[in-house]
Amino acid sequence: MNLSYLALGDSYTVGECVPAAECFPALTVAQLRAAGVAIDEPRIIAVTGWTTDELQAGIQQAGIQGNQYDFVSLLIGVNNQYRGRSVEEYKTQFTGLLEQAIGFCKKGAAQVVVLSIPDWGVTPFAADRDAAQIAREIDLYNSCNKAIAAQYHVRYVDITPFTREAKSDPSLLASDGLHPSGKDYSRWAALLSPLFKEMISGKQP
């Protein structure tokens, strides 16, 4: 039976403005298949603009039952920051989402991955905004999700430095001047796919 992968998130998971095959969950699966791993297409529960509570509602609507996935990834929070929502609210809601993600995974926390939030402040979309303030807020949100991931013994992948390179490399951005391009997503996948292979082998973080 093929392995299965559930990706939870927002625009960065669904791959806003890039072809479906170029979102990071699809690229991760493609890289695993190229390495000889039998894995199904990812199931993606993500919508552009979702905050933590909206993702939770989306998960509920999807009706996922039990621990049926081999891998689960979680990337959420940029829209909380964008809308000026409190960090305390984020911490509470992110913790609940991570607990759900662990519950959806066949091996619990051992095969769940949290990804950091990208920094959209360096993009052309944010040209009229305070990039330094956005960076500080993104860093604060990421310090929270990283600490919560560690508390639950979940692997953490920091892709934020990649996204900050878009300040000087426009090829890392999609056509909307805000979201990452497939080129950037392929770098995220290049971190995730070997991590998934480690999980398959049972290697501990």
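Coordinates for the structure precede this section.
Figured I'd write up the structure that's included with this text. These numbers were taken from a predicted model, which means no experiment stands behind them.

### Points about the overall build of the chain
- If you tally the helices and strands in the chain, you get eight helices and five strands.
- For 205 residues, the compact-globule estimate of 2.2 N^0.38 gives 17 Å, and the chain sits close to it at 16 Å.
- The principal-axis extents of the C-alpha atoms in the chain amount to approximately 50 × 35 × 30 Å.
- Evaluated residue by residue, the chain yields a buried proportion of 51% over its 205 residues.
- Long-range contacts, defined here as pairs at least 24 residues apart, represent 76% of the contacts in the chain between residues at least 6 apart.
- Accessible surface, the chain: about 8900 Å² in total, of which carbon and sulfur atoms supply 54%.
- A gap of 6 Å separates the mean positions of the 17 positive and 22 negative side-chain charges of the chain.

### Observations regarding the pattern of salt bridges
- For the structure on display, the rule yields 11 salt bridges.
- A salt bridge links Glu 88 to Lys 91; its shortest N-O distance comes to 3.5 Å. Here Lys 91 and Glu 88 lie together in helix H5 (residues 87–104), a separation of three residues that amounts to about one turn.
- Among the residues examined, Glu 88 registers a relative accessible area of 53% and is labelled exposed.
- Its relative accessible area of 32% is what places Lys 91 among the partly exposed residues.
- Residues Arg 187 and Asp 184 are paired through a salt bridge, measuring 3.0 Å at the closest nitrogen-oxygen approach. On the criterion of helical spacing, the pair formed by Arg 187 and Asp 184 is a turn pair, its members being three residues apart in helix H8 (residues 182–201).
- Bridged by salt links that share partners, the residues Asp 53, Arg 85 and Glu 89 form one connected network.

### Quick look at unusual backbone geometry
- With a phi close to 70°, Cys 17 is a non-glycine residue in the positive phi region.
- Mapped onto the secondary structure, Cys 17 falls in the loop between helix H1 (11–14) and helix H2 (24–34).
- Among the residues examined, Cys 17 registers a relative accessible area of 39% and is labelled partly exposed.
- If you check the backbone angles, His 153 has positive phi at about 60° while not being a glycine.
- Tracing the backbone through its elements, the reader meets His 153 in the loop between helix H6 (131–151) and strand E5 (155–157).

### Structural notes on the sheet that holds strand E4 (residues 112–115)
- Taken together, the five strands give an open sheet; going across it, the order is E2-E1-E3-E4-E5, and neighbouring strands pair in parallel fashion. Two strands in the sheet have a free side with no partner beyond their single neighbour: strand E2 (43–46) and E5. Averaged over neighbouring strand pairs, the angle between their axes works out to 20° when direction is ignored.
- Against the sheet, H8 makes contact with strand E1 (5–9), strand E3 (71–74), E4 and E5, and its axis sits at roughly 160° relative to E4, the strand it touches most.

### As for the side chain of Asn 142
- Summarising the element assignment, Asn 142 is placed in helix H6.
- Take Asn 142: its relative accessible area is 8%, and that puts it in the buried class.
- Asn 142 has contacts with Ser 116, Ile 117, Tyr 156 and Thr 160, leaving out every residue within four places of it along the chain.

### Comments concerning the pairing of E3
- Judged by which residues are buried, E3 turns out to be covered on both faces: Phe 71 and Ser 73 on one side and Val 72 and Leu 74 on the other are all buried.
- Across four bridges, E1 lies against E3 in parallel orientation. Pairing of Leu 8 across the sheet is with Leu 74, part of E3.
- As judged from the three bridges shared by E3 and E4, these two strands associate in the parallel manner. Within E4, the residue paired with Val 72 across the bridge is Val 112.

### Topic: the packing of aromatic side chains
- Applying the stated rule across the entire model yields nine aromatic pairs.
- Each ring, one from Phe 24 and one from Trp 188, has its centre 5.5 Å from the other, and the planes form 45°; the classification is tilted. Of this pair, Phe 24 sits in helix H2 while Trp 188 is found in helix H8, placing the two residues 164 residues apart along the sequence. The exposure classification of Phe 24 matches that of Trp 188, with both residues buried.

Parameters at a glance
Residues numbered from 1 in each chain as written. Predicted model: local features only at pLDDT ≥ 70, side-chain atom pairs only at ≥ 80, totals over all residues. Heavy atoms only, no water. Helix = DSSP H or I, 4+ residues; strand = E, 2+ residues; numbered from the N terminus. Rg over C-alpha atoms; globule rule 2.2 N^0.38 Å. Buried < 20%, exposed > 50% of the residue type's maximum accessible area, 1.4 Å probe, protein only. Contact = heavy atoms within 4.5 Å. Areas by Shrake-Rupley, 256 points an atom, 1.4 Å probe, with all protein chains shown as cover. Lys, Arg positive; Asp, Glu negative; His and termini not counted. Charge placed at Lys NZ, Arg CZ, Asp CG, Glu CD. Salt bridge = Lys/Arg side-chain N within 4 Å of Asp/Glu carboxyl O. Pairing = 2+ DSSP bridges. Axes fitted to C-alpha atoms, helices over the stretch in contact; angles between N-to-C directions. Phe/Tyr/Trp six-rings, centres within 6.5 Å; stacked < 30°, edge-to-face > 60°.

By themselves these figures say nothing about function.
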